[in-house]
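Results of the structural survey
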Amino acid sequence: MEANEYLSLLNPEQKESVVHSGEGSEDLLILAGAGSGKTRVITTKIAYLISQKHVDPYSILAVTFTKKAADEMRERAVRLEPKAQYAQIRTFHSWGAYFLRKYHSEASSYFKAVYGREGISGVDSNFTVYDDDDMATLVSKAIPSIPKKETALIAHKISLAKDYGLTPESESFSEIDAGEEFREQYALYEKRLRQTGNVDFGDLILIPYLVLKNNAEIRHRTHLRYRYVLVDEYQDSNRVQFLLLRELAGIEEKAGVYICVVGDDDQSIYKFRGAEVQNILDFEKDFSKPRLIRLVRNYRSTPEILACANSVISNNEKRLGKTLEAQKKKGKIPVLAYLPNQDDECDFCSDLILNAHEKGVPFSDWAILYRTNAQSLGFESTFLRRKIPYQVVGTLKFYEREEIKDALAWISFLANPKNEIAFRRIVNKPVRGIGAVTQEKIVEACAAKSILENARSVKISKKASEGLNDFLSVAEELLSMLPSNAAEDEKSAEEKSDKEKKSAKKLSDFVDALSKKSGLEEFHRSQDEIAGTQKVLNLEELANSAALYPCTMEGLLEFLDHIELDRSLEDESSDGTDRVTLITLHNTKGLEFPRVIITGLEYGVFPRENKSGEELEEERRLFYVGITRAREQLYFTSCASRRMYGQTKYMSPSPFLSEIGADEMRVVGDMPSSMQGDFAGENAVDPVAKKWRVGASVFHDDWGPGIISSGRMSEGEYVISVVFENGSVKKFLPKYQKALILIED
DNA sequence: GACAGTGAAATTTTT
DNA sequence: TTTCACTGTC
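Residues numbered from 1 in each chain as written. Chains lettered and ligands numbered in written order. Predicted model: local features only at pLDDT ≥ 70, side-chain atom pairs only at ≥ 80, totals over all residues. Heavy atoms only, no water.

Moving on: the overall build of chain A. A count of helical and extended segments in chain A gives 29 helices and 23 strands. When burial is assessed residue by residue, chain A has 56% of its 745 residues classed as buried. When contacts within chain A are restricted to residue pairs at least 6 apart in sequence, those whose partners lie at least 24 apart make up 75%. Accessible area of chain A: about 32600 Å², with a carbon and sulfur share of 49%. (Helix = DSSP H or I, 4+ residues; strand = E, 2+ residues; numbered from the N terminus. Buried < 20%, exposed > 50% of the residue type's maximum accessible area, 1.4 Å probe, protein only. Contact = heavy atoms within 4.5 Å. Areas by Shrake-Rupley, 256 points an atom, 1.4 Å probe, with all protein chains shown as cover.)

What follows is the structure, encoded as structure tokens:
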């Protein structure tokens, strides 16, 4: 396609975003609302830079957060401009992995300087990436005094520290609410991890940042290489990603690297994972002469849907501010249904879907959105009963399955025999008589050395040594199946895989052999027979997915990177079957559906209880994301009572619902007041309780505005808890309370 | 090391 | 209510 052709498809703001290319060292922030054609802009921009500005595609780096988004971006950019295939279009983490493999020895030198040389391996060229579970295991091995159940907590905290760009040497951990005790734990973990030569997820960003920051030569080379850096979904970037971007930009040395970020502050929903809305709010402050372009024309949803979205999000204070403008013709007004309980909610959704289906609306037009995974259960059983085909998105993911983790542990161990976590996972599975004590001995003796090469010289019991021999010979046998093509190291990874795909043996045969020889297949086959699972099938699936890679050590590493850096592997059921989608609100980001039902709109469910201030704003953004997924029709459901943890709880409508104007939606059913008398006897209607209902807004003379988070009868008195905007929670007896007033809405 | 029995806990989760 | 992690027994 010619440039003027694809540019003519854009609206003025989109076009401006595309042609802005940083003359006069200006950077660019594109504030792209939901459904405003963001991906089109970024892909067109890549094509435009190459074909019109004659930019070498090799010098373009475009990063996204998910594999799916990266694939889509590459595909669409290449369609516009074939040379875009030579640009680096990938996820933040996969770029980090690429960078680390390239500069592993510089990274290792950095760590040797920090920790001293003894027993430190740093980052190996053939490192594998530890996931959360692996991290927790490593924590418990690095700090044996820690109780098992706290390891995951500490691992999480370490992840968070890395997301904030903090190392054990950092001055303070106040940003992540941790202190000196944490510093010691973090340091022990790091030392242990550096012994293995492997990295965790956080390292994929943190270490490239540290290397760039501390190594002027590499920084310089990198500035020469990447002249144009584009970041998608910038609102989801965390602190360390921001720091890395600053190094890539080379602001201080005036490297002249063009930075363009695209994002939507209103769709930032990953604060709990370290994402910083502040990054996008501060962009204009942090980068050079930045230009801000707003894309607010929405091509996805009807004006009625956008009116709701705009009303809701305008209640947030921390935002750059924008109002979506509908480009579609008028449609149907959104519907809010007040329902007695969650069974009625399931039936209401089923009725909607089945009625529409009779009129020819496919099941796949529908998506049921909910706040927590547990809420899918009711829908699943109802849909099963009423024969509505459905798919649940993002529950047990492929890579989280035991058998897959086992096979991957084998692969990781072969790639890097210093990987103690992988070793521990597989050495005694199936049982080889190598218990925890023996494992400990072996790992201790082989610290920072190849377990494969050194394990035989460790003194262990006779029984264990037989098992170990068995294990090691399987590993050696498997390794011998993998020729290493060191001679071809000079070639770039892309070039190499292309060639080898055609000629060499497939890696799938290797993975298949691995399942069999390791005993994993047999082990899981017997599990399948007991539990009726399909673990063996999954192992075969894994082998299949390796078919595209050559049967070499390099192919193995590529395959590992692909698997490890794409934990969002599609559910196998994403074939063309016509079915309803059940999905958490978080998982809907980037998706759209003709008909959307947002369920469980009750205080305590959505928003979750005790949310206030910034946290409440994030919940509101989540609601906004949900609303803007809908193309044609939007429904809300809110239940008067809900079974939670085995008890029936009486619910109040979500405060978010009152943020939508009365004329912006149609209400069906009766809005419940708290403790309604439907269920005679148990909960007599107390007029005080009715007035001071859960979810209502209040104002306190000393504490300011707040929301009633719970209310119950205690010794004949109605007691409420109020969450104030500063986060504090207070209890009151409203009957006698004078400083507290109710704000009617 | 497998298993039943007990008790505490119960968000969201790109990589 | 359900789930999962831990405990003690065989």
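Tracing the backbone through its elements, the reader meets Thr151 in helix H8 (residues 148–163). With residues up to four places along the chain from it excluded, the contact list for Thr151 reads Ala136, Val139, Ser140 and Ile146.

Residues separated by three or four positions in an α-helix point in the same direction, a consequence of the helix having 3.6 residues per turn. An ideal rise of 1.5 Å per residue puts 16 Å on twelve residues; helix H27 (residues 553–564) measures up with 16 Å between its terminal C-alpha atoms. Along H27, ten of the twelve residues are buried, which leaves the element largely enclosed by surrounding structure. Every buried residue belonging to H27 is among Met553, Glu554, Gly555, Leu556, Leu557, Phe559, Leu560, Asp561, Ile563 and Glu564, and all of these are buried. (Expected span 1.5 Å × (residues − 1).)

Looking now at the protein's contact with DNA strand C. DNA strand C sits among Lys148, Lys149, Tyr645 and Gly646. When the atoms of DNA strand C within 4 Å of the protein are sorted by group, sugar and phosphate make up 30%. Looking at the surface near DNA strand C, its residues break down into one nonpolar, one polar and two charged. (Near = heavy atom within 4 Å. Nonpolar A, V, L, I, M, F, W, Y, C, P; charged D, E, K, R; others polar.)

Turning our attention to the protein's contact with DNA strand B. Around DNA strand B lies a shell of 26 residues, among which Arg273, Arg371, Lys397, Thr584 and Arg608 are the nearest. In DNA strand B, atoms within 4 Å of the protein come 49% from sugar and phosphate. Take Asp236: an N or O atom from its main chain is 3.3 Å from a base oxygen of DNA strand B. Taken together, the residues that form the surface near DNA strand B break down as seven nonpolar, ten polar and nine charged. (Polar contact = N/O pair within 3.5 Å; in protein donor to acceptor, adjacent residues only side chain to side chain.)

On inspection of all chains with the given rule, the structure shows 25 aromatic pairs. Here Phe65 and Phe92 contribute two aromatic rings whose centre-to-centre distance is 5.6 Å and whose plane-to-plane angle is 55 degrees, an arrangement assigned as tilted. Of this pair, Phe65 sits in the loop between strand E2 (60–64) and helix H4 (67–80) while Phe92 is found in helix H5 (residues 92–102), placing the two residues 27 residues apart along the sequence. Of the aromatic side chains, those joined through ring pairs into one cluster are Trp95, Phe99, Tyr103 and Tyr226. The ring of Phe127 is capped by Arg101, whose NZ or CZ atom sits 3.9 Å from the centre of that ring. (Phe/Tyr/Trp six-rings, centres within 6.5 Å; stacked < 30°, edge-to-face > 60°. Lys NZ or Arg CZ within 6 Å of the ring centre and 35° of its normal.)

Read across the sheet, six strands follow the order E3-E2-E6-E7-E1-E8 without closing on themselves; strand pairing throughout is parallel. The sheet is open, and its two borders are formed by strand E3 (88–91) and strand E8 (291–295), each paired with just one other strand. Here the strands of the sheet are splayed against their neighbours by 15 degrees on average, with no regard to which way each runs. In terms of strand pairing, E2 meets strand E6 (residues 228–231) through four bridges, oriented parallel. Across the sheet, residue Ala62 finds its bridge partner in E6, namely Leu230. (Pairing = 2+ DSSP bridges. Axes fitted to C-alpha atoms, helices over the stretch in contact; angles between N-to-C directions.)

Taken as a whole and assessed by the stated rule, the structure comprises 56 salt bridges. The partner of Asp203 in a salt bridge is Arg194, with the nearest N and O atoms 3.0 Å apart. Taking relative accessible area as the criterion, Asp203 reaches 0% and is therefore assigned buried. Two residues, Asp512 and Lys516, come together in a salt bridge whose shortest N-O distance is 3.2 Å. Of this pair, Asp512 and Lys516 both sit in helix H24 (residues 507–517), four residues apart, which is roughly one turn of that helix. Accessibility expressed as a relative area gives 29% for Asp512, which makes it partly exposed. Put simply, Glu402, Glu403, Asp406, Arg425, Lys429 and Lys535 are held in one network by salt bridges that share partners. (Salt bridge = Lys/Arg side-chain N within 4 Å of Asp/Glu carboxyl O.)

Residue Pro430 is reached from Lys429 by a cis peptide bond, and omega for that bond is 0 degrees. Assignment of secondary structure puts Pro430 in the loop between helix H19 (420–426) and helix H20 (436–445). The peptide bond linking Phe606 to Pro607 adopts the cis configuration, its omega dihedral lying at 5 degrees. Residues other than glycine seldom take positive phi values, yet His54 does so here, at roughly 55 degrees. You can see His54 is positioned in the loop between helix H3 (38–51) and E2. Non-glycine residue Lys254 carries a positive phi angle of around 50 degrees. Position of Lys254 among the secondary structure elements: in the loop between helix H12 (239–249) and strand E7 (258–263).

With that out of the way, let us pick up a nonpolar patch on the surface. On the surface, Phe699, Ile741 and Ile743 cluster together to form a nonpolar patch covering roughly 240 Å² of accessible area. By the secondary structure assignment, Ile743 is in strand E23 (residues 740–743). (Patch = residues over 30% accessible without salt bridge, like charges linked within 9 Å, V, L, I, M, F, W, Y side chains within 5 Å.)

Attention now moves to the packing of helix H7 (residues 132–142) against helix H9 (residues 180–196). Relative to each other, H7 and H9 sit at 105 degrees, their axes nearing to 9 Å. Taken together, the axes of H7 and H9 are roughly perpendicular relative to one another. In contact with Met135, Leu138, Val139, Lys141 and Ala142 of H7, H9 contributes Leu188, Tyr189, Arg192 and Leu193. Considering only residue class, the contact of H7 with H9 consists of seven nonpolar, no polar and two charged. (Parallel < 35°, antiparallel > 145°, perpendicular 65-115°, else oblique.)

Across the two faces of E23 the burial differs, with Leu740 and Leu742 buried and Ile741 and Ile743 not buried at all. Across four bridges, strand E19 (residues 697–700) lies against E23 in antiparallel orientation. Residue pairing across strands places Val698 opposite Leu742, the latter belonging to E23.

This part takes up the environment of Glu175. You can see Glu175 is positioned in the loop between H8 and H9. With a relative accessible area of 46%, Glu175 lands in the partly exposed category.

Another aspect to go through is the confidence of the model for chain A. Per-chain confidence: chain A averages 85 in pLDDT, with 89% of residues scoring 70 or above. Low confidence marks residues 674–685, where pLDDT is under 50. Its contacts with residues over four positions away, or in another chain, come to 17 contacts. (pLDDT = per-residue confidence, 0-100.)

Our next topic: the packing of helix H18 (residues 402–415) against H27. At their nearest, the axes of H18 and H27 sit 10 Å apart, and the two run at 135 degrees to each other. Between H18 and H27, the angle is such that the two are oblique. In the crossing of H18 with H27, the sense of the turn from one axis to the other is left-handed. Facing H18, whose interface residues are Leu408, Ile411, Ser412, Leu414 and Ala415, H27 presents Met553, Leu556, Leu557, Phe559, Leu560, Ile563 and Glu564. The residue makeup of the contact of H18 with H27, split by class, is ten nonpolar, one polar and one charged. (Left-handed = near helix turned anticlockwise from the far one by under 90°.)

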